[in-house]
Amino acid sequence: MPSPTRRDGAWRVLLALLAAVVAALALTPTPPEGLSLGWDKLNHLAAFAALAVCAMFGWSDARATRRAMLLALLAYGAAIELLQRQVPGRSAEWADLLADGLGIVAGALLAGWWLRRRRGAPQSKP
């Protein structure tokens, strides 16, 4: 497997930071209202789409690793749902996990499209 580039490393750091923010928001009994998109399922979809984009760009040259990371994100969403059962005022919902999964698919498709587009673009000459 090729060694990560500086850009890959930046996307991986962003992925870790976003994952920490998602966990903090998901495991807080009353998350801040200003960060909501207005519908809980849309919040899940957007958060996991962003995580998936970071995973795809963070491992842009390793297809098997990207797939493993996307599956790990789904497991991460399931773990959050299970942990939410222990948080007062929160609950675990299958619909939230479905929204997480749809977000992962949307983010992966968007990032995959962008990566293919970037690879297909002609190289500029110096």
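For the structure, check the block above.
Given the structure is predicted, the values throughout are model-derived calculations rather than measurements.

K.L.:
It is not clear to me how the nonpolar core should be interpreted in this structure. Could you clarify?
P.N.:
Note on soluble globular proteins: their nonpolar side chains tend to be buried together. Among the nonpolar cores identified, the biggest contains 20 residues, and L15, L51, L70, L73 and I104 are the most heavily contacted of them. Counting residues per element, this core draws most heavily on helix α2 (residues 40–58), at 8 residues. Each residue touching L15, except ones within four places of it in the same chain, is listed here: L51, C54, A55, W59, M69 and L73.

K.L.:
Is there a simple way to explain the layout of surface pockets in this structure?
P.N.:
Unfilled space is identified by rolling a water-sized probe across the atoms. Here the largest pocket is characterised by a volume of approximately 590 Å³. Along the walls of the largest pocket sit 25 residues, with L25, L35, N43, H44 and A47 positioned nearest its centre. Here the lining of the largest pocket takes 8 residues from α2, the largest share from any one element. Considering only residue class, the lining of the largest pocket consists of 15 nonpolar, 5 polar and 5 charged. By volume, the second largest pocket amounts to about 270 Å³. If you trace the second largest pocket, you find 13 residues lining it, with M56, R66, A108, G112 and R116 closest to the centre. Broken down by secondary-structure element, the contributors of at least two residues to the lining of the second largest pocket are α3 (63–84) and α4 (94–120). It is α4 that contributes the most residues to the lining of the second largest pocket, 8 residues altogether. Across the lining of the second largest pocket, the residue classes break down as 7 nonpolar, 1 polar and 5 charged.

Rules behind the numbers
- Residues numbered from 1 in each chain as written.
- Predicted model: local features only at pLDDT ≥ 70, side-chain atom pairs only at ≥ 80, totals over all residues.
- Heavy atoms only, no water.
- Core = buried A, V, L, I, M, F, W, Y, C linked by side-chain atoms within 4.5 Å.
- Buried < 20%, exposed > 50% of the residue type's maximum accessible area, 1.4 Å probe, protein only.
- Helix = DSSP H or I, 4+ residues; strand = E, 2+ residues; numbered from the N terminus.
- Contact = heavy atoms within 4.5 Å.
- 1 Å grid on protein atoms, 1.4 Å probe; cavity = no way out; pocket = protein on both sides within 12 Å on 5 of 7 lines; lining within 4 Å.
- Points joined across faces, edges and corners; volume = space filled by probe spheres on them.
- Nonpolar A, V, L, I, M, F, W, Y, C, P; charged D, E, K, R; others polar.

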